[in-house]
Amino acid sequence: MLDYIVVGFGLSGMSFVEELENNNKTYRVYEDFSQKSSRVAGGLYNPVILKRFTLAWEASEQIKEAIPFYKSIEAKLNKKLVSELPVLRRFNAAEEQNKWIEAGDKPLLGEFLCPELIRNENEHLDIPFHYGKVKHTGKIDIKTMLSSYAAYLEEKNAFCNQPFEYEDVVVKEGFIEYRGVPCRHIVFAEGFGLKKNPFFNYLPLLGNKGEYIVIRSLELQLKEAVKSSIFIIPLGNDLYKVGATYNNEDKSAEITITAREELEKKLQKFLKTPYEVVDQVSGIRPTVRDRRPLVGTHPNNQNIHVLNGLGSRGILIAPSVAKQLYAHIELGVSLSKEIDSNRFDTL
Ligand SMILES: Cc1cc2nc3c(=O)[nH]c(=O)nc-3n(C[C@H](O)[C@H](O)[C@H](O)COP(=O)(O)OP(=O)(O)OC[C@H]3O[C@@H](n4cnc5c(N)ncnc54)[C@H](O)[C@@H]3O)c2cc1C
């Protein structure tokens, strides 16, 4: 009997698998690459909401857990995955500078906001009101992390590159059987794919489509992530990710011309040097009606669980909610009401 089946290997599924590894559990992962949120993400970790200058939900606690978590994966897989990367917020007016300085006086937020205004020294960017700099920010190479971790699992025969078929689940007394294989628990970590899951599709997962363009600019030579109405994130080799869009209506997987036009228009407001668009990517963020994760056990089956709803901040949230779900399943630790999926009724 397997201890676990994990469905989905994005940031949620991988974080849960790491818990299983650390606790010597047996498991198998199913991943069909139908969703791309984790693999197309900007990869930034930044605890501050740069629109309003507030801290993101529980971000100052999450960051303490998340960075050591990714560094331990970096060591285990022997790949460079975590790099510090300054995040600069471009101010649009003097009032924003004042708001930033005020926000920096707040107890928790103050740890993350540099009080000094930073002067722009890059002639290819139009930054008339200077920058505010966020401290303790960086970038995770999620694509490399997931593909290297998947390769590690393949070697252990624990990774199935195929869709998980819900109709093949047989509920038994105290365990589950999937295609003849008994297992103690199934954890569904499917991102927006949850919509097709008959056990959990009653949950109010809304989904928000995000698109990035990737540009090449030889002159720009930018070393920091710059946030105006959109981000410019340096990727190395004169490439930059520019975005992302937020779209609540379109839930299709395809990239769109509308998104590209929107991003280029915003970019041209402050980028003053030639560039070419070399790529475009899209994914659906697993957003929830009340903007909190969906973590917990099915109301009618103690062996079926969900780990979802990471929204637009999966990097910081995933390690801590995966740990909480594991402690809930194995040790009976109660989940906080805020994240417990049972805060929503079945239909
Ligand atoms: C454009 C964009 C930019 C973003 N930028 C950032 C950022 O800079 N920083 C940050 O912290 N967050 C960012 N996010 C948010 C972050 O990507 C998400 O919070 C996170 O990826 C969600 O991870 P997940 O594992 O829950 O879902 P997903 O990444 O969607 O993973 C779910 C996995 O389950 C698989 N799956 C689904 N159904 C099945 C099935 N039946 N059988 C087998 N496999 C299945 C899918 O193929 C998928 O790989 C961004 C998101 C987008 C779209």
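The rules we used
Residues numbered from 1 in each chain as written. Predicted model: local features only at pLDDT ≥ 70, side-chain atom pairs only at ≥ 80, totals over all residues. Heavy atoms only, no water. Helix = DSSP H or I, 4+ residues; strand = E, 2+ residues; numbered from the N terminus. Rg over C-alpha atoms; globule rule 2.2 N^0.38 Å. Buried < 20%, exposed > 50% of the residue type's maximum accessible area, 1.4 Å probe, protein only. Areas by Shrake-Rupley, 256 points an atom, 1.4 Å probe, with all protein chains shown as cover. Lys, Arg positive; Asp, Glu negative; His and termini not counted. Charge placed at Lys NZ, Arg CZ, Asp CG, Glu CD. Domains from an automatic or database assignment. Contact = heavy atoms within 4.5 Å. Buried area = accessible area lost by both parts, 1.4 Å probe. Salt bridge = Lys/Arg side-chain N within 4 Å of Asp/Glu carboxyl O. Polar contact = N/O pair within 3.5 Å; in protein donor to acceptor, adjacent residues only side chain to side chain. Nonpolar A, V, L, I, M, F, W, Y, C, P; charged D, E, K, R; others polar. Pairing = 2+ DSSP bridges. Axes fitted to C-alpha atoms, helices over the stretch in contact; angles between N-to-C directions. Parallel < 35°, antiparallel > 145°, perpendicular 65-115°, else oblique. Left-handed = near helix turned anticlockwise from the far one by under 90°. Phe/Tyr/Trp six-rings, centres within 6.5 Å; stacked < 30°, edge-to-face > 60°. Near = heavy atom within 4 Å.

Quick look at the overall build of the chain now. What the chain contains, in helices and strands, is eight helices and 20 strands. The C-alpha radius of gyration of the chain comes to 21 Å, within 12% of the 20 Å expected for a compact globule of 347 residues. Taking the principal axes of its C-alpha atoms as reference, the chain extends roughly 65 × 40 × 40 Å. Every one of the 347 residues in the chain was classed for burial, and the buried ones make up 55%. Summing over all exposed atoms, the chain offers an accessible surface of approximately 16,300 Å²; the carbon and sulfur share of this is 48%. Here the chain holds 45 positive side-chain charges and 46 negative ones, and the gap between their average locations is 3 Å.

This brings us to the domain arrangement of the chain. Parsing the chain into structural domains produces domain 1 (2-43 + 143-204 + 290-343) and domain 2 (84-140 + 207-285). Relative to domain 2, the C-alpha centre of domain 1 lies at a distance of 31 Å. The interface of domain 1 with domain 2 comprises twelve residues on the first partner and 15 residues on the second. Carbon and sulfur atoms supply 61% of the area that domain 1 and domain 2 bury against each other, a total of about 1,100 Å² over both sides. A per-residue breakdown of the area domain 1 buries against domain 2 is headed by Val-40, Gly-42 and Phe-192, which together make up 45% of the total. Applying the counting rule to domain 1 against domain 2 returns zero salt bridges. At the junction of domain 1 and domain 2, the tally comes to four residue pairs in polar contact (both at pLDDT 80 or more). Its residues assigned to classes, the side of domain 1 that touches domain 2 comprises five nonpolar, six polar and one charged.

This part is about the sheet that holds strand β9 (residues 138-140). With antiparallel pairing, three strands are arranged side by side in an open sheet as β3-β9-β6. The strands lining the two open edges of the sheet, one partner per strand, are β3 (44-45) and β6 (82-84). As defined by bridge partners, β6 adjoins β9 across three bridges and the pair is classed as antiparallel. When the bridges of β9 are listed, Val-82 appears paired with Ile-140. Against the sheet, helix α3 (residues 59-77) engages β3, β6 and β9, with an angle of about 125° to β6.

Right, let's get into the packing of helix α1 (residues 11-22) against helix α6 (residues 142-155). Interaxial distance between α1 and α6 falls to 11 Å at its minimum, and their mutual angle equals 45°. What the angle tells us is that α1 and α6 run oblique. Two packed elements cross with a definite hand, and for α1 against α6 that hand is left-handed. From α1, Leu-11, Met-14, Val-17, Glu-18 and Glu-21 reach across to α6, where they touch Ile-142, Met-145, Leu-146, Tyr-149, Tyr-152 and Leu-153.

Bringing the packing of aromatic side chains into the picture now. Following the criterion strictly, the structure yields 18 aromatic pairs and no others. Between Phe-9 and Tyr-149 the ring centres are 5.6 Å apart and the planes differ by 70°, which places this aromatic pair in the edge-to-face class. Note that Phe-9 is positioned in the loop between β1 (2-7) and α1 and Tyr-149 in helix α6, a separation of 140 residues in sequence. By relative accessible area, which is 0% here, Tyr-149 ends up buried. With 5.1 Å between their ring centres and 85° between their planes, Phe-53 and Trp-100 make a pair best called edge-to-face. Placement of the pair is Phe-53 in the loop between β4 (48-49) and β5 (54-55) and Trp-100 in helix α4 (residues 94-103), with a sequence separation of 47 residues.

Turning next to the site of the ligand. Near the ligand there are 38 residues, and of these Ser-12, Glu-31, Ser-38, Phe-164 and Gly-311 occur at the shortest range. The separation between an oxygen atom of the ligand and a polar main-chain atom of Gln-35 is 3.0 Å. In isolation the ligand exposes 1,000 Å². Once the protein is present, 96% of that is buried. Mapped onto the shell around the ligand, the elements with two or more residues apiece are α1, α2 (37-40), β14 (208-216), β18 (276-285) and α8 (314-331). If you tally residues by element for the shell around the ligand, the top one is α2, at three residues. Among the residues forming the shell around the ligand, the class breakdown is 16 nonpolar, 16 polar and six charged.

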